[in-house]
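Spelled out from the first residue to the last, the chains are:
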Amino acid sequence: MFENILKTKLKEGKKTIGAWAQLASPFTAEIMSSAGFDWLMLDHEHAPGDILNLISQIQAMKGTQCVPLVRAPWNDFVAIKRILDAGAQGVLIPYVNTREEAEQAVKACKYPPEGIRGVAASPRAVGYGQNTGNYLQRANDQIYIMTAVETPEAVENLDEILQVKGLDGIFIGPMDLASSMGYFGDPSQAEVQAAIQTVEQKVRAAGKALATTTGTWEQAQKLFERGYQMLMLMADGGALASLAAQKVKQFREQYPNG
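Residues numbered from 1 in each chain as written. Predicted model: local features only at pLDDT ≥ 70, side-chain atom pairs only at ≥ 80, totals over all residues. Heavy atoms only, no water.

Caption draft 1: Representation of the nonpolar core in the model. Ranked by size, the top nonpolar core spans 59 residues in total, and within it Leu40, Leu42, Leu54, Tyr135, Leu158, Ile170 and Val199 carry the most contacts. For Leu54, the residues in contact, after removing those within four places along its chain, are Leu42, His44, Val70, Ile83 and Ala86. Core analysis: the next-biggest nonpolar cluster, separate from the first, contains 17 residues, Trp20, Met41, Ala148 and Ala209 among them. (Core = buried A, V, L, I, M, F, W, Y, C linked by side-chain atoms within 4.5 Å. Buried < 20%, exposed > 50% of the residue type's maximum accessible area, 1.4 Å probe, protein only. Contact = heavy atoms within 4.5 Å.)

Caption draft 2: Region of interest: the environment of Pro112. Secondary-structure assignment places Pro112 in the loop between α5 (99-109) and α6 (135-142). Taking the C-alpha atoms as reference points, Pro112 and Asn140, separated by 28 residues in sequence, lie 9.1 Å from one another. Apart from residues lying up to four places away in sequence, Pro112 is in contact with Arg117 and Val119. (Helix = DSSP H or I, 4+ residues; strand = E, 2+ residues; numbered from the N terminus.)

Caption draft 3: Summary view of the pattern of salt bridges. A full pass over the atoms with the stated rule returns 10 salt bridges. For the salt bridge of Arg71 with Glu45, the shortest nitrogen-to-oxygen distance reads 3.3 Å. Taken as a pair, Arg71 in strand β3 (residues 67-71) and Glu45 in the loop between β2 (39-43) and α3 (51-61) lie far apart in primary sequence, 26 residues in all. For Arg71, a relative accessible area of 7% corresponds to the buried category. Residue Glu45 is classed as partly exposed on the basis of its relative accessible area, which comes to 24%. Between Arg226 and Glu200 there is a salt bridge, and its shortest N-O distance comes to 2.5 Å. One end of the pair, Arg226, is in the loop between α11 (217-225) and β8 (230-235); the other, Glu200, is in helix α10 (residues 190-206), and 26 residues separate them in sequence. Judged by relative accessible area, Arg226 falls into the partly exposed class, the value being 32%. When salt bridges with common partners are traced through the structure, they connect Asp43, Glu45 and Arg71 into a single cluster. (Salt bridge = Lys/Arg side-chain N within 4 Å of Asp/Glu carboxyl O.)

Caption draft 4: Examining the packing of aromatic side chains more closely. This model, assessed by the stated rule, comprises 4 aromatic pairs. Plain terms: the ring middles of Phe2 and Tyr135 are 4.9 Å apart, the flat faces sit at 35 degrees to each other, and that makes the pair tilted. With Phe2 in the segment before α1 (5-11) and Tyr135 in helix α6, the pair connects residues that are 133 residues apart, well separated along the chain. Judged on exposure class, the residue Phe2 and its partner Tyr135 are both buried. Between Trp74 and Tyr95, the ring centres sit 5.5 Å apart and the planes meet at 20 degrees, which makes this aromatic pair stacked. (Phe/Tyr/Trp six-rings, centres within 6.5 Å; stacked < 30°, edge-to-face > 60°.)

See below:
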């Protein structure tokens, strides 16, 4: 039977770890999923991938216990439909600021009568016509739906957003939230941190999963203690760039003249 093991873990109150997959590469998806992450966030908002890249990434994760999630490019029901039909088991929908927008996001992820997702037996997710694991009957319950809080408007409307039936979790985007509050790229500001704490408290009280991205393991530990259940510990592109810069720096310092 089709079961989203991530959604089961979150319902049980477990902590999970994931990573950004932003290089649109099946190779990095294969490497990170095989490493043992609980889930990967395949990025379609800030990364260059398309649906064919996405399918290749999800195929590369097959055979692992790592769940494929996708950050949609926008709160667009056509984009979300294609992402889910490709085999994603969950979606992070950016820039959701009101209850109405959250309702639209949830409806885009669910088949009728709960939503407006188009029903087709032919896509990869459904097993190319085989309805593998009774996908059509179980998808509405098993697909994980998360929206992002990235603006003061979303913080202000969070109580209403959290009332939307079918919404499983909230992702806090610290860089976007800080920038939209007037502190470009600086979430360390006291006003931003206060807004983040407000979101944390309300999401925990609503019984939804709380997610964000982290820079260090020490930060991740603190966030887990604050009730987060989903933390992104790295990004494929960023990690490779950092390691490459470190190795070159070490060489240049040791052998400045080559």
